[in-house]
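# Structural features, examined
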Amino acid sequence: MQVDLHVLKTVCKNILLTSFVVCTCVAGDLLLRYKWVVDRDYCRAIVDSATHGAVALLSWLIVQNVDFLKQRHLAESMLCGVLGSVIDIDHFLLARSFQLKVCVL
């Protein structure tokens with residue numbers, strides 16, 4: 001039985017990217033346990049948004065079976081990361097305020 005090299009590369013790339021997603025989630029959760037992050041609303045917001053953005057970017061890389069050498073794939077992944085970062089905009093809309101202290105409670 002012969003294994004296709006392309007299939008093997010794709011599986012390995014997906015395993016690696018999935019591991020990065022898990023590590024990103026764990027790192028984001030661990031950062032939110034530090035007192036200096038918890039005590040500062042802007043730090044919590046930055047960590048939360050950065051975690052969402054990184055998970056979105058990495059997830060899109062997996063879904064698209066991305067070729068890292070193609071600009072289009074990287075642009076799509078970056079866009080997905082940006083959209084993932086702003087996903088918490090609903091907190092501001094529901095609070096009807098752009099004050100960070102009101103929105104992160």
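Up top is the structure these notes are about.
Described in the following lines is the structure provided in the data block. (Residues numbered from 1 in each chain as written. Predicted model: local features only at pLDDT ≥ 70, side-chain atom pairs only at ≥ 80, totals over all residues. Heavy atoms only, no water.)

## Topic: the overall build of the protein chain
Which entries qualify depends on this criterion: Strands here are runs of E lasting at least two residues and helices are runs of H or I lasting at least four, both read from the DSSP assignment and numbered beginning at the N terminus. Buried residues are those whose accessible area, probed at 1.4 Å on protein chains only, stays under 20% of the maximum for their type, while exposed residues exceed 50% and partly exposed ones sit between those limits. Every residue pair with non-hydrogen atoms within 4.5 Å of one another is taken to be in contact.
In terms of regular secondary structure, the protein chain is built from 6 helices and 0 strands. Across the protein chain, helices and strands are ordered from the amino to the carboxyl terminus as α-α-α-α-α-α. A burial count over the protein chain gives 22% of its 105 residues as buried. Contacts in the protein chain between residues at least 24 apart in sequence constitute 58% of all its contacts with a sequence separation of at least 6.

## Let's talk about the nonpolar core
Nonpolar side chains in soluble globular proteins generally cluster together in the buried interior. The condition is simple: Only buried Ala, Val, Leu, Ile, Met, Phe, Trp, Tyr and Cys residues count toward a nonpolar core, and they belong to the same one when joined by side-chain atoms within 4.5 Å.
In terms of nonpolar packing, the biggest core is built from 5 residues, these being Leu 17, Val 21, Leu 58, Leu 61 and Val 66. Of all the secondary-structure elements, those providing two or more residues to this core are helix H1 (5-31) and helix H3 (41-63). Ignoring anything within four residues of it in the chain, the contact list for Val 66 reads Lys 13, Leu 61 and His 73.

## Points about helix H4 (residues 71-85)
Short version of the rule: Expected helix span is computed as 1.5 Å times (number of residues minus one). Working note: the arc is built from the helix axis to C-beta atom directions.
For H4, spanning 15 residues, the distance from its first C-alpha to its last is 21 Å, which sits close to the expected 21 Å at 1.5 Å a residue. Along H4, the residues that are buried comprise His 73, Ser 77, Gly 81 and Gly 84. The arc enclosing the buried residues of H4, seen along the axis, measures out at 75 degrees, which places them on a common side. Structural note: H4 exposes Gln 71, Arg 72, Met 78, Leu 79 and Leu 83 on the side pointing more than 90 degrees away from its buried face.

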